[in-house]
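The lines below spell out each chain.
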Amino acid sequence: MNFSLVDSGIPCRSFRAVIVGSGTAGYNAARKLYDLGVHDIAIITEGEKMGTSRNTGSDKQTYYKLTLAGGDGDSVSDMAETLFSGGAMHGDIALAQAAGSARCFFELVSLGVPFPHNEYGEYAGYKTDHDPRMRATSCGPYTSKYMTEALECAVKSKNIPIFDGYRAVKILRGGGRACGIVALCPALINEKNRYGMAVFLADNVIWATGGPSAIYSESVYPESQTCAHGMAFEAGAAGINLTESQYGIASLGFRWNLSGTYQQVIPRYFSIDESGNEHEFLTDYFPDTGEMLGAIFSKGYEWPFDPRKIFRGGRRLSSLIDLAVFSEKRRGRRVFMDFRRNPAASEHGGSLDFSLLPDYARKYLEKSGALLPLPIDRLRKMNEPAVSLYREHGIDITLEPLEIAVCAQHNNGGLDADIWSESTALAGFFPIGECAGTFGVYRPGGTALNATQVSSMRAAEKIAGSAPVTKPDESEISRDIADMISFFDILSRPRIRLPREEIFARRKEYGRIMSECGAFVRSPAAVSSAISSVRSCLSSFEADYAGAAPALMPEVMINRDILITALVYLGAIEDYIAHGGKSRGSYLVTERSIDELIAEGRDIETDEEHFSQVQTALYSGGEMKYAFSPVRPIPERELWFENVYNEYRKSSVKTPLSHK
Ligand SMILES: Cc1cc2nc3c(=O)[nH]c(=O)nc-3n(C[C@H](O)[C@H](O)[C@H](O)COP(=O)(O)OP(=O)(O)OC[C@H]3O[C@@H](n4cnc5c(N)ncnc54)[C@H](O)[C@@H]3O)c2cc1C
């Protein structure tokens with residue numbers, strides 16, 4: 001091989017740690033490393049303004065933490081137990097997330113994130129889903145945005161270098177561990193560096209790349225969030241609980257969860273077929289109008305699809321709405337939510353007939369002073385910002401309906417990591433935040449944001465306490481880079497250019513496969529046909545992307561990552577079903593059609609058997625290996641102070657003072 005990195009014109013820099021991603025997890029890792037004395041670091045991001053944390057939110061975006069107000073006892077053990085009881089969750093990770101909760105929360109408070117408290121400084125909480133206490137808090141619709149901005153400010157005040165506009169496309173391995181990344185930055189393209197490559201060598205690679213949003217076409221993640229799990233699998237990192245994600249009803253034009261008051265005001269759902277005929281389809285699924293209105297109302301606080309909330313003892317519940325929306329779309333119809341009119345079956349004299357509502361819903365609206373004629377009147381009364389939010393994004397819900405779908409919102413599984421957030425299969429590689437699959441089957445709302453902070457803090461502590469690593473053999477790295485250049489050469493050689501739109505159209509098509517077959521409705525036959533489709537897209541990849549311009553290589557590589565990720569995720573679903581896995585969490589496993597299930601109206605049998613197990617995944621050379629193993633329990637641990645004190649003094653864990 002005659003490739004030399006030094007002569008290649010490709011910039012190559014070396015750091016103690018690189019952090020890929022600039023969301024709440026990535027910024028916090030950088031900030032913590034710096035405070036622990038590790039200053040030889042850099043953040044690499046495809047776009048500082050991109051990703052989920054900065055660009056998303058919800059009716060009341062939740063942060064889950066240890067109780068910090070009032071007299072209801074709470075403890076680290078209690079919170080760990082709550083997280084652990086969500087199923088398929090390791091006890092030691094649940095414990096670490098609970099133990100780090102108060103500390104991380106107060107760090108955010110001291111950075112200026114406006115979490116509300118009373119005049120005595122108590123951070124009162126509310127109850128969120130799967131929460132036995134009242135541990136949730138919120139800064140309003142934009143909690144994660146405020147967190148990102150505060151953390152970004154802290155990072156910038158320390159002058160930590162940020163390489164903005166760099167898309168990581170490969171994780172480098174050397175000496176049996178992660179040793180850096182290759183990124184593409186179109187601004188670097190020149191005669192010598194034809195694809196704008198940049199190499200970042202590092203003793204430790206922190207992967208803060210967020211959830212695999214773009215494997216789905218129907219997703220409520222922000223458009224700027226795509227997917228970076230595939231290259232981690234290729235580098236040898238393991239996956240865990242890849243079957244577990246959360247799905248719910250969201251608007252498509254402007255991506256936003258339609259939870260809380262959007263549902264509690266009881267909007268009208270309708271679909272439109274190819275000939276433009278409008279149909280209020282929910283009445284086909286709910287013969288009883290009162291039950292339908294109750295289900296719409298309940299969707300407000302039962303937002304994620306849940307197979308246990310479709311039927312119960314013959315009653316029809318809120319998750320039947322998700323299935324109804326899905327079925328309508330399968331029939332080729334577009335589906336909408338309309339705040340300008342009441343559901344026709346409940347309208348009486350230009351108003352909702354409130355006598356049809358279940359007691360709990362009527363009382364709630366009454367207490368809120370919202371027994372008003374139209375959904376939009378009720379929404380304005382209860383939550384005016386919910387209306388202005390859409391207006392700020394160019395949609396006036398007083399004049400037009402919202403197009404909706406059941407969208408992917410959060411990945412509970414992801415890359416497998418230990419209690420320090422280091423990959424279980426690839427040393428020196430630290431998946432943190434949402435890309436680390438530490439959430440189990442059911443999780444209290446708001447734990448994702450807690451996890452971004454705890455995992456990043458712990459990864460920083462581990463790295464700060466570790467010895468520097470011997471630099472990798474340059475020939476090993478050069479080979480990888482030369483292979484990558486050859487791959488880009490093959491793609492870019494044809495003179496006829498592949499249009500940019502074609503790359504995005506293909507991405508949409510890959511997402512459609514996953515949204516239809518590997519999202520919240522999963523049939524064994526559809527999953528296996530989706531696997532064949534994805535495999536065939538991967539095998540024709542070079543031919544399909546022939547003619548891609550060098551400046552478009554980052555987008556091409558995103559599509560490749562999506563395909564690899566989708567393949568490993570679909571394989572996990574297939575393996576879970578083959579092991580007898582049933583519906584659970586936020587998905588339905590069924591061999592029968594939705595219409596048959598609905599006609600039958602029976603409770604869905606959910607999975608118990610795999611609750612105390614995790615499924616792990618490894619990918620190599622296009623093939624996957626899956627295995628089930630028991631969850632690790634919450635550890636018995638030493639809490640006698642004198643002993644903890646002595647152990648702590650001997651340990652390598654760093655504090656901000658240890659390096660001074
Ligand atoms: C609609 C919605 C509502 C939500 N509500 C809640 C809630 O109420 N409570 C809660 O706890 N959680 C909620 N979540 C989840 C939570 O917001 C996310 O889990 C969290 O923000 C993820 O943070 P992160 O730092 O891990 O990733 P992100 O914030 O997604 O950051 C990823 C970063 O990595 C960058 N990146 C990705 N790939 C590459 C690459 N290859 N090269 C370079 N850079 C790359 C991205 O551009 C981005 O900067 C919600 C999510 C959604 C979509």
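Definitions and limits used
All residue numbers refer to positions counted from 1 along the written sequence of the respective chain. Only residues with pLDDT of at least 70 are given local features in this predicted model, and only at 80 or more are side-chain atom pairs given and counted; all residues enter the totals for whole chains, interfaces and linings. The side-chain figures draw on all heavy atoms in the structure; neither hydrogens nor water molecules are used. We count a salt bridge whenever a side-chain nitrogen from Lys or Arg sits within 4 Å of a carboxyl oxygen from Asp or Glu. Runs of E in the DSSP output that reach at least two residues are strands. Runs of H or I that reach at least four are helices, and both are numbered from the N terminus. Note on classification: 1.4 Å probe, protein chains only; a residue is buried when its accessible area is under 20% of the maximum for its type, exposed when over 50%, partly exposed between these limits. A contact between two residues is defined here by any heavy atoms of the two lying within 4.5 Å. Throughout the structure description, domain borders are defined by an automatic or database domain assignment. The quantity reported as buried area is the accessible area (1.4 Å probe) lost by two parts once they are put together, taken as the sum for both. Strand pairing is defined by DSSP finding a minimum of two bridges between the two strands. We define a polar contact as two N or O atoms separated by no more than 3.5 Å, with the added condition that, inside protein, one atom must be a possible hydrogen donor and the other a possible acceptor, whereas residues neighbouring each other in sequence contribute only through side-chain atom pairs. Simply put, an axis is a line fit to the C-alpha atoms, just over the touching stretch for a helix, and the angle between two N-to-C directions goes from 0 to 180 degrees. Note on convention: the crossing is left-handed when the near helix lies turned anticlockwise from the far helix by less than a right angle, right-handed when the turn is clockwise. Under this grouping Gly is polar, as are all residues other than the nonpolar Ala, Val, Leu, Ile, Met, Phe, Trp, Tyr, Cys and Pro and the charged Asp, Glu, Lys and Arg. Ring pairs are drawn from Phe, Tyr and Trp, using the six-membered ring of Trp, whenever the two centres fall within 6.5 Å, and their geometry is named by plane angle: stacked under 30 degrees, edge-to-face over 60, tilted for the rest. In this scheme, Lys NZ or Arg CZ marks a charge over a ring once it lies within 6 Å of the ring centre and within 35 degrees of the ring normal.

**A few points about the pattern of salt bridges**
For the structure on display, the rule yields 43 salt bridges. For R167, the salt bridge goes to E46, with nearest N and O atoms at 2.8 Å. Taken together, the residues R167 in strand β6 (residues 167–174) and E46 in the loop between β2 (41–45) and α2 (52–55) connect sequence positions 121 residues apart. For R167, a relative accessible area of 8% gives the class buried. Between R268 and E278 there is a salt bridge, and its shortest N-O distance comes to 3.1 Å. Here the residue R268 occupies a position in strand β12 (residues 268–272), and E278 occupies one in strand β13 (residues 278–279), the gap between them amounting to 10 residues. Residues participating in the shared-partner salt-bridge network are E48, K49, R54, E152 and K156.

**Concerning the environment of K49**
Note on placement: K49 falls in the loop between β2 and α2. Its relative accessible area of 53% is what places K49 among the exposed residues. On a C-alpha basis, the gap between K49 and R507 in space is 21 Å, while along the polypeptide they are 458 residues apart. Filtering out sequence-adjacent residues up to four positions away, K49 remains in contact with R54, N55 and E152.

**Side note on the domain arrangement of the chain**
For the chain, the assigned domains are domain 1 (13–244 + 412–660) and domain 2 (247–408). Here the C-alpha centroids of domain 1 and domain 2 sit 32 Å apart. Counting residues at the interface gives 40 residues for domain 1 and 37 residues for domain 2. Buried area between domain 1 and domain 2, both sides added, is near 3100 Å², and the carbon and sulfur share of it is 59%. Sorting the residues of domain 1 by area buried against domain 2 places D59, V220 and F520 first, and these three jointly supply 23% of that buried surface.

**Overview of the sheet that holds strand β16 (residues 334–338)**
Pairing is antiparallel in the open sheet, where 6 strands are placed in the order β11-β10-β19-β16-β12-β13. Of all the strands in the sheet, just β11 (256–257) and β13 have a single pairing partner and so form its edges. The sheet contact formed by strand β10 (residues 245–251) and strand β19 (residues 402–411) spans 7 bridges and is antiparallel. Paired with S251 across the two strands is I404, which belongs to β19.

**As for helix α10 (residues 289–299)**
Counting buried positions along α10 yields 9 of 11 residues, so the element is predominantly enclosed. Of the positions making up α10, those classed as buried are G290, M292, L293, G294, A295, I296, F297, S298 and K299. Sitting at the head of α10, D288 places a side-chain oxygen 2.8 Å from the backbone nitrogen of G290.

**Comments concerning the packing of helix α1 (residues 24–35) against helix α14 (residues 447–464)**
Across the interface, α1 lies against α14 with an axial gap of 8 Å and an inter-helix angle of 35°. Here α1 runs over α14; the crossing is right-handed. On the side of α1, the interface is formed by T24, A25, N28, A29, K32 and L33, while α14 contributes T452, Q453, S456, M457, A460, I463 and A464. The residue makeup of the contact of α1 with α14, split by class, is 7 nonpolar, 5 polar and 1 charged.

**Quick look at the side chain of D306**
Within the fold, D306 resides in the loop between α10 and β14 (311–312). When neighbours within four sequence positions are excluded, D306 is seen to be in contact with S319, Y442 and G585.

**Some remarks on the packing of aromatic side chains**
Taken as a whole, this structure holds 32 aromatic pairs when the rule is applied. With a centroid separation of 6.5 Å and 90° between ring planes, the pair formed by Y269 and F281 is classed as edge-to-face. Of this pair, Y269 sits in strand β12 while F281 sits in the loop between β13 and α9 (282–285); the two residues are 12 residues apart in sequence, bridging distant segments of the chain. With respect to burial, Y269 and F281 carry one shared label: buried. An aromatic cluster is defined as three or more aromatic residues linked by ring pairs; in this entry it consists of Y142, F254, W256, Y262, F339 and Y390. Here the basic side chain of R443 rests over the ring of F439, its NZ or CZ set 5.8 Å away from the ring centre. The ring of Y587 has R522 sitting right over it, with the charged end atom 3.8 Å from the ring centre.

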